[in-house]
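Secondary and tertiary structure notes
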Amino acid sequence: MAATRELGPCLVARLTPFRDADLILSLLSAAHGRVDAIARGARSSRRRFGGAMRLFCEVNAAVQGGRGSLPVLSQADVQRVWLQDEVGYDQLCFASYLTELALVASQPDHADADLYDWLSGWLTITQLGVSGHVRSLRLAAEVTFLHVMGLFPDVRSCHSCGRETSAGAAWPDPTEGLLCGDCAGDAGPVIAPDMLLALAVLISQPEPAIELARSLPVQTLRPVEDRVARLLARVLPSTLRSSEALRTAVRDDLPV
Ligand SMILES: [Zn+2]
């Protein structure tokens, strides 16, 4: 019998039908990175793995085998479910986007506890409700995601001269840092001091600062959104399938 490998807590990030009766689970494990495993019989018997065959839940998982082929899921005990069946469509879009971001950033056999904590923290925010705040929450999630990936620039000091950016900053090149007024010349647009402060607080918190994430300063949302979108486009392998649905959710969301 193949050896069992305990994965510990895992987030169920994707479910893909496989053969007639099976599912392939893409799991995000804090200790093992991305693990794809076959759940045999998961589609023919609902009792086989209990409530674990759903997205946006955390399971305690174990797999068997897997050398040269996909491992087989041998255990998946549900520890936590973030989104129940009666969630809003905007919550579903948001959670799908978060999960896909984490999935493309994760690697097999590469422990990434920060990425795991980022996703579980943001699923908790999603569970609390996103209506009226989807646009601000999307940006906050993207900013903190880039920070976890080590790709978000220092917003407190000028990339060129090192001076504090407390009076506002320009961000002409998304892959480089921010520039103070003196170094920016006529490079715009300018990101206002209150937005810089909000970004600095967001990325300095181990847990997402939920009230701040829900209400980022609207005046300079768009230039930051633009830079963040370009930065994401540089680091993601392709356009995320869930991003279009989330764009629609942002468009239809009524600010409160
Ligand atoms: Zn400067």
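Here we come to the environment of Asp253. Position of Asp253 among the secondary structure elements: in the segment after helix H8 (243–252). Excluding residues that lie within four positions of it along the chain, Asp253 makes contacts with Asp90, Ser131, Gly132, Val134 and Arg135.

Core analysis: the biggest nonpolar cluster contains 72 residues, and Leu27, Phe94, Leu98 and Leu119 have the highest contact counts within it. Among the elements that line this core, the one with the most residues is helix H3 (residues 134–148), at 9 residues. When residues of this core are assigned to domains, at least three fall in each of domain 1 (4–81) and domain 2 (89–252). Those residues in contact with Leu98, other than ones at most four positions away along the chain, are Leu119, Trp122, Leu123, Thr126 and Ala141.

Taken together, the 8 bridges between strand E1 (residues 4–18) and strand E2 (residues 22–29) define a ladder with antiparallel strand orientation. Each bridged residue has a counterpart across the sheet, and for Arg14 the counterpart in E2 is Ser26. Adjacent in sequence and paired antiparallel, E1 and E2 are bridged by 3 residues, among which Arg19 carries a positive phi angle near 50°. Both E2 and strand E3 (residues 33–39) contribute to a ladder of 7 bridges, which runs antiparallel.

With a phi angle near 60°, Phe56 is a residue other than glycine that sits in the positive phi range. Summarising the element assignment, Phe56 is placed in the loop between E3 and strand E4 (57–64). Look at Asp109: it is not a glycine, yet its phi comes out positive at around 55°. Here Asp109 falls in the exposed class, since 10 other C-beta atoms lie within 10 Å of it.

Time to look at the domain arrangement of the protein. Here the domain parsing of the protein yields domain 1 (4–81) and domain 2 (89–252). Here the C-alpha centroids of domain 1 and domain 2 sit 30 Å apart. If you look at the interface, domain 1 gives 14 residues, while domain 2 gives 16 residues. Residue assignment for the side of domain 1 that touches domain 2 shows that the elements contributing at least two residues are E1, E2 and E3. A per-class count over the side of domain 1 that touches domain 2 returns 8 nonpolar, 3 polar and 3 charged.

What follows covers the environment of Pro237. Tracing the sequence through the fold places Pro237 in the loop between helix H7 (221–235) and H8. Overall, Pro237 belongs to the exposed group, with 7 C-beta atoms counted inside 10 Å. Put simply, Pro237 and Ala105 are 132 residues apart on the chain and 9.2 Å apart in space, counted from C-alpha to C-alpha.

Moving on to helix H2 (residues 113–128). Helix length check: H2 (16 residues) gives 23 Å between terminal C-alpha atoms against 22 Å at 1.5 Å per residue, within 8%. For H2, the secondary structure elements touched by its buried residues are E1, E2, helix H1 (89–105), H3 and helix H6 (210–214).

Orientation of H3 relative to helix H5 (residues 193–204), taken along the N-to-C sense of each, is 55°, at an axis distance of 9 Å. Between H3 and H5, the angle is such that the two are oblique. Here the hand of the crossing between H3 and H5 comes out right-handed. Contact with H3, carried on its side by Ala140, Val143, Thr144 and His147, involves Leu199, Leu202 and Ile203 of H5 and no other residues of that element.

The rules behind these values
- Residues numbered from 1 in each chain as written.
- Predicted model: local features only at pLDDT ≥ 70, side-chain atom pairs only at ≥ 80, totals over all residues.
- Helix = DSSP H or I, 4+ residues; strand = E, 2+ residues; numbered from the N terminus.
- Contact = placed C-beta atoms within 7 Å.
- Core = buried A, V, L, I, M, F, W, Y, C linked by C-beta atoms within 7 Å.
- Buried ≥ 20, exposed ≤ 12 C-beta atoms within 10 Å, placed from the backbone.
- Domains from an automatic or database assignment.
- Pairing = 2+ DSSP bridges.
- Nonpolar A, V, L, I, M, F, W, Y, C, P; charged D, E, K, R; others polar.
- Expected span 1.5 Å × (residues − 1).
- Axes fitted to C-alpha atoms, helices over the stretch in contact; angles between N-to-C directions.
- Parallel < 35°, antiparallel > 145°, perpendicular 65-115°, else oblique.
- Left-handed = near helix turned anticlockwise from the far one by under 90°.

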